[in-house]
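Examining the three-dimensional arrangement
Each chain, letter by letter, is given below.
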Amino acid sequence: MSMSDKGRHAADDAIGKGKEAAGKLTDDEKLENEGKADQVGAKVKKAGDSIKDAFDKATDRD
């Protein structure tokens, strides 16, 4: 896995937080929920990254 994947997942999380905040400020429930969904997706991807990193470390892969 490349660092760009990890960076992209972090960016997705940040974008989701921004959407959620914008939705709250503008009273746009759809945008707020979209932001929350983006964050959940990013967290799932980050968890996958962690599992892959642990597997790679355990098997001495890079």
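Scoring rules and cut-offs
- Positions within a chain are numbered from 1, following the residues in the order the chain's sequence is written.
- Per-residue local features are limited, in this predicted model, to residues with pLDDT of at least 70; the limit for side-chain atom pairs, both in listing and counting, is 80 or more; totals at the level of whole chains, interfaces and linings are taken over all residues.
- The side-chain values count all of the structure's non-hydrogen atoms but skip hydrogen atoms and water molecules.
- Numbering of helices and strands runs from the N terminus; a helix is a DSSP stretch of H or I covering at least four residues, while a strand is a stretch of E covering at least two.
- Here the globule rule reads 2.2 Å times residues to the power 0.38, and the radius of gyration is calculated from C-alpha atoms.
- Burial here depends on accessible area, computed with a 1.4 Å probe over protein chains only, as a share of the maximum for the residue type. Under 20% is buried, over 50% is exposed, and the range in between is partly exposed.
- Contact between two residues is taken to exist if any of their heavy atoms lie within 4.5 Å; hydrogens are not considered.
- Note on areas: Shrake-Rupley, 1.4 Å probe, and residue coverage restricted to the protein chains presented here.
- Under the convention used here, Asp and Glu are negative, Lys and Arg are positive, and both His and the chain ends fall outside the count.
- For charged residues, the charge sits on one atom: NZ in Lys, CZ in Arg, CG in Asp, CD in Glu.
- Under the rule applied, a polar contact is a pair of N or O atoms within 3.5 Å (in protein, one hydrogen donor and one hydrogen acceptor; residues adjacent in sequence only if both atoms are side-chain atoms).

Okay, the overall build of the protein next. Within the protein, the regular secondary structure consists of 2 helices and 0 strands. At 15 Å, the protein has a C-alpha radius of gyration far larger than the 11 Å of a compact globule built from 62 residues. Projected onto its principal axes, the C-alpha positions of the protein cover 50 × 15 × 10 Å. When each of the 62 residues of the protein is scored for burial, the buried share is 18%. Considering only intrachain contacts with a sequence separation of at least 6, the fraction spanning at least 24 residues in the protein is 46%. Surface exposure of the protein reaches about 4500 Å², of which carbon and sulfur atoms provide 57%. A distance of 2 Å separates the average location of the 13 positive side-chain charges in the protein from that of its 15 negative side-chain charges.

Here E20 lies in helix α1 (residues 3–26). According to the relative accessible area criterion, E20 is buried, its value standing at 16%. In this structure the side chain of E20 is engaged in a polar contact, spanning 2.7 Å, whose partner is the side chain of Q39. Leave out the neighbours within four places in its chain, and E20 touches L31, E32, G35, K36 and Q39.

With that settled, consider the side chain of Q39. Of note, Q39 is situated in helix α2 (residues 29–58). Residue Q39 is classed as buried on the basis of its relative accessible area of 9%. Within the structure, the side chain of Q39 is placed 3.4 Å from the backbone oxygen of G16, a separation counted as a polar contact. Ignoring sequence-local partners within four residues, the contact set of Q39 consists of D13, G16, K17 and E20.

Spatial relationships are all this shows, so hold off on functional conclusions.
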